[in-house]
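# Commentary on secondary and tertiary structure
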Amino acid sequence: MEEVLNNPSVIRVTALLKELGCSGQVTILSDSARTALDAANALGIEVGQVASSIVFKLPSGNPLLVITSGRHRVDTELVAKNLGVEKLHRADADFVKNASGFSIGGVSPVGWVNKPEITLIDQALNDYGVAWAAAGHPHSVYPTSFEELARVTGATPMVVGD
């Protein structure tokens, strides 16, 4: 699993976390963390502590990043209404990779190659002292907090699901 640390995406995220003054260290998991449940099981934490980076396409064609608690799904109608847009569009794997520089299953909230037009953070993540986010690879994660994620991503807090 040591090769995961040499992955260019993980290197990019690790360097940026250090540059941004984030305290958490990247952790390599033997099991994949492609889903919030996988990550929670691998880490021995509540699924709600997983900060999943979900990408949508805005009507403008630009990316929307929603950093959501793993305890629920993003309510796209609610988020679209709160953003004042007609609809959020699902993003396919190519769109996600081109926008973020990460493959689905390892999308980090930081280190994007193209900044999202809008970044939201699920207020439910504030229920936990520690949240875990992907670090650029399905086997890499790092500990963080609601406050730190909001600060380093410039995310707007919002209720994004129930």
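What comes next concerns the included structure. (Residues numbered from 1 in each chain as written. Predicted model: local features only at pLDDT ≥ 70, side-chain atom pairs only at ≥ 80, totals over all residues. Heavy atoms only, no water.)

Moving on: the overall build of the protein. Summing up its helical and strand segments, the protein has six helices and eight strands in all. Walking the protein from its N terminus toward its C terminus, one meets helices and strands in the order α-α-β-α-β-β-α-β-α-β-β-β-α-β. Computed over C-alpha atoms, the radius of gyration of the protein comes to 14 Å, within 12% of the 15 Å expected from 2.2 N^0.38 for 162 residues, which places it in the range of a compact globule. Considered along the principal axes of its C-alpha atoms, the protein spans approximately 45 × 30 × 25 Å. Expressed as a percentage of contacts within the protein between residues at least 6 apart in sequence, the contacts between residues at least 24 apart total 67%. By element, 48% of the accessible surface of the protein is carried by carbon and sulfur atoms, the whole surface being about 7900 Å². Charge-centre separation for the protein: the mean point of 12 positive side chains lies 5 Å from the mean point of 17 negative side chains. (Helix = DSSP H or I, 4+ residues; strand = E, 2+ residues; numbered from the N terminus. Rg over C-alpha atoms; globule rule 2.2 N^0.38 Å. Contact = heavy atoms within 4.5 Å. Areas by Shrake-Rupley, 256 points an atom, 1.4 Å probe, with all protein chains shown as cover. Lys, Arg positive; Asp, Glu negative; His and termini not counted. Charge placed at Lys NZ, Arg CZ, Asp CG, Glu CD.)

Turning to helix H5 (residues 93–100), a few remarks are in order. Within the sequence span of H5, burial applies to Phe95, Val96, Ala99 and Ser100. Each buried residue of H5 lies within a common arc of 100° when the element is viewed along its axis, so the set occupies one face. The exposed set on the far side of H5, more than 90 degrees from its buried face, consists of Asp94 and Asn98. Where H5 terminates, the next one or two residues include glycine 101, which has phi positive at roughly 90°. (Buried < 20%, exposed > 50% of the residue type's maximum accessible area, 1.4 Å probe, protein only. Arc of directions from axis to C-beta.)

It is worth spelling out the pattern of salt bridges at this point. The tally for this structure, following the rule as stated, stands at one salt bridge. For aspartate 127, the salt bridge identified is with arginine 71, shortest N-O distance 2.9 Å. Taken together, the residues span a long stretch of sequence, with aspartate 127 in the loop between strand E5 (118–122) and strand E6 (131–137) and arginine 71 in the loop between strand E3 (63–69) and helix H4 (76–83) at a distance of 56 residues. Aspartate 127 sits in the exposed class, given a relative accessible area of 51%. (Salt bridge = Lys/Arg side-chain N within 4 Å of Asp/Glu carboxyl O.)

Counted residue by residue, E3 has seven buried out of seven residues, so it is predominantly covered. The side-chain alternation of E3 yields two buried faces, one formed by Pro63, Leu65, Ile67 and Ser69 and the other by Leu64, Val66 and Thr68. Connecting strand E2 (residues 50–57) to the next strand, E3, in antiparallel fashion are five residues, including glycine 61 with a positive phi near 90°. (Pairing = 2+ DSSP bridges.)

Our focus in this paragraph is the environment of aspartate 92. Structurally, aspartate 92 can be placed in the loop between strand E4 (89–90) and H5. In the structure, aspartate 92 is positioned 53 residues away from serine 145 in sequence and 28 Å away in space, judged by C-alpha atoms. Of note is the side chain of aspartate 92, whose polar atom sits 2.8 Å from the backbone nitrogen of phenylalanine 95. (Polar contact = N/O pair within 3.5 Å; in protein donor to acceptor, adjacent residues only side chain to side chain.)

The subject of this paragraph is the pairing of E2. The buried fraction of E2 amounts to six of the eight residues, a majority that puts the element mostly inside the structure. By the bridge criterion, two bridges tie E2 to E6 in an arrangement that is parallel. Within E6, the position partnered with alanine 51 by the bridge is alanine 133. Taken together, the seven bridges between E2 and E3 define a ladder with antiparallel strand orientation. In the sheet register, valine 55 faces E3, and the bridge partner there is leucine 65. Taken together, the two bridges between E2 and E4 define a ladder with antiparallel strand orientation. When the sheet's bridge partners are listed, phenylalanine 56 is paired in E4 with arginine 90.

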